[in-house]
Amino acid sequence: FKIVVVESIQSLASKYPKKYNSMLTFLSNFLRDGSKYKFKKTVVAAIETMIKEIPEAKNMGLLQLCEFIEDCEHVHLTQRVLNLLGQEGPSMKRPRKFIRFIYNRIMLEDAPVRCTAITALARFGAFCPDLLPSVNILLQRIMTSDDDEVRDRATFFHHILSLQSKSFNSAYILNEMP
C-alpha cells in the first residue's frame with residue numbers, strides 16, 4: 001500500500017511541479033522510517049524522478065538524499081544516490097556542499113560504496129575547476145587506503161585530474177557512469 005502512495009505522489013509531482021517542496025518533504029519522511037528495501041528503493045526512485053523532471057526540486061531533493069545515505073544500511077541504494085550525486089551535483093550552483101556527504105561515504109563505508117563515492121567525487125573535480133585542488137587533496141588521502149580497489153581508483157582519478165586535460169576528463173570521468 002505504501003508503494004502505491006509513493007507512486008501517486010510521484011504522479012502528482014508531475015502534474016503540480018510547483019508543489020515539489022511539500023511532496024519532497026513527505027517522501028523524505030518515508031526514508032526515515034524503518035521500512036524495507038523495496039519501499040525505500042521506490043521512494044528513492046520517486047525523488048530521483050522529481051529531481052530530473054523539476055529543475056527547482058534538484059537542490060532540495062539531492063540534499064534529502066544526502067541525508068538519507070548518512071544512515072542507509074542498503075549498499076545498492078547508497079550507490080544509486082552517490083551515482084546521482086556524481087551526475088547532478090557538479091552542475092548545481094554550490095556543488096561544494098555535496099562533497100562532504102560523498103567524502104563521509106568514502107571514510108565510513110565498505111569498498112563497493114567507497115569506490116562509487118570516489119567516482120562521484122572525481123566528477124566534481126572534472127566538472128568544477130574551482131573544486132579541483134580540494135578534490136585532488138581528498139583523492140591523495142584516499143590513495144593510502146588498505147583496500148586495493150579503493151586505492152587504485154583514487155590513484156587513477158587523481159592522475160587523470162592532475163593532467164587537467166578536458167579530453168581525458170571527458171573520456172574517463174565525465175562519461176556516463178555504470
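Throughout what follows, the structure given in this document is the object of discussion. Keep in mind it's a predicted model, so treat the numbers as computed, not measured.

1. Brief notes about the pattern of salt bridges
- If you walk through the whole model with that rule in mind, you get seven salt bridges.
- Close ionic contact of lysine 52 with glutamate 48 constitutes a salt bridge, the shortest N to O distance being 3.3 Å. Of the two residues, lysine 52 and glutamate 48 both sit in helix H3 (residues 37-53), four residues apart, roughly one turn of that helix.
- Classification of lysine 52 by relative accessible area gives partly exposed; the value is 47%.
- Between arginine 80 and glutamate 48 there is a salt bridge, with its nearest N and O atoms 2.9 Å apart. Of this pair, arginine 80 sits in helix H5 (residues 75-88) while glutamate 48 is found in helix H3, placing the two residues 32 residues apart along the sequence.
- Where salt bridges share partners, they join Glu48, Lys52 and Arg80 into one cluster.

2. Let's talk about the environment of threonine 42
- By the secondary structure assignment, threonine 42 is in helix H3.
- Threonine 42 sits 36 residues away from valine 6 along the chain, and the two C-alpha atoms are 7.2 Å apart.
- In this structure, threonine 42 is in contact with Ile3, Val6 and Glu7, ignoring residues within four places of it in sequence.

3. As for the packing of helix H2 (residues 20-32) against helix H4 (residues 58-70)
- It is the contact of H2 with H4, at a shortest axis distance of 10 Å, that shows an interaxial angle of 10 degrees. Taken together, the axis directions place H2 and H4 in an arrangement best described as roughly parallel. Of H4, the residues touching H2 (which contributes Tyr20, Asn21, Leu24, Thr25, Ser28 and Leu31) are Met60, Gly61, Gln64, Leu65 and Phe68.
- For the contact of H2 with H4, a count of residues per class yields six nonpolar, five polar and no charged.

4. Side note on a nonpolar patch on the surface
- On the surface, Phe156, Leu163, Phe168 and Tyr172 cluster together into a nonpolar patch covering about 370 Å² of accessible area.
- For the nonpolar patch, the elements supplying multiple residues, two or more each, are helix H9 (148-163) and helix H10 (166-172).
- Of the residues examined, tyrosine 172 reaches a relative accessible area of 43% and is grouped as partly exposed.

5. Looking at the side chain of arginine 114
- Secondary-structure assignment places arginine 114 in helix H7 (residues 111-127).
- Despite its burial, arginine 114 pairs with no opposite charge; the closest candidate is aspartate 147, at 5.9 Å N-O.
- Leave out the neighbours within four places in its chain, and arginine 114 touches Arg105, Ile106, Glu109, Ser145, Asp147 and Val150.

6. Looking at the packing of aromatic side chains
- Per the stated rule, a full pass over the model turns up five aromatic pairs.
- Here phenylalanine 26 and phenylalanine 30 contribute two aromatic rings whose centre-to-centre distance is 5.0 Å and whose plane-to-plane angle is 75 degrees, an arrangement assigned as edge-to-face. Of this pair, phenylalanine 26 and phenylalanine 30 both sit in helix H2, four residues apart, roughly one helical turn.
- Exposure remark for phenylalanine 26: the relative accessible area of 40% places this residue in the partly exposed category.
- Among the residues examined, phenylalanine 30 registers a relative accessible area of 14% and is labelled buried.
- Both rings, one in phenylalanine 168 and one in tyrosine 172, keep their centres 5.8 Å apart while their planes meet at 90 degrees; by these two values the pair is edge-to-face. Placement of both phenylalanine 168 and tyrosine 172 in helix H10 is noted, with a separation of four residues, approximately one turn of the helix.
- Note that arginine 100 overlies the ring of phenylalanine 101, its terminal NZ or CZ placed 4.2 Å from the centroid.

7. Focus: the environment of arginine 151
- Mapped onto the elements, arginine 151 comes out in helix H9.
- Classification of arginine 151 as partly exposed rests on a relative accessible area of 25%.
- Along the backbone, arginine 151 and phenylalanine 68 are 83 residues apart, and their C-alpha atoms lie at a distance of 26 Å.
- If we skip the residues at most four places from it in the chain, arginine 151 touches Ile142, Met143, Ser145 and Asp146.

What counts, and at which threshold
Residues numbered from 1 in each chain as written. Predicted model: local features only at pLDDT ≥ 70, side-chain atom pairs only at ≥ 80, totals over all residues. Heavy atoms only, no water. Salt bridge = Lys/Arg side-chain N within 4 Å of Asp/Glu carboxyl O. Helix = DSSP H or I, 4+ residues; strand = E, 2+ residues; numbered from the N terminus. Buried < 20%, exposed > 50% of the residue type's maximum accessible area, 1.4 Å probe, protein only. Contact = heavy atoms within 4.5 Å. Axes fitted to C-alpha atoms, helices over the stretch in contact; angles between N-to-C directions. Parallel < 35°, antiparallel > 145°, perpendicular 65-115°, else oblique. Nonpolar A, V, L, I, M, F, W, Y, C, P; charged D, E, K, R; others polar. Patch = residues over 30% accessible without salt bridge, like charges linked within 9 Å, V, L, I, M, F, W, Y side chains within 5 Å. Areas by Shrake-Rupley, 256 points an atom, 1.4 Å probe, with all protein chains shown as cover. Lys, Arg positive; Asp, Glu negative; His and termini not counted. Phe/Tyr/Trp six-rings, centres within 6.5 Å; stacked < 30°, edge-to-face > 60°. Lys NZ or Arg CZ within 6 Å of the ring centre and 35° of its normal.

The values are spatial; any link to function lies outside them.
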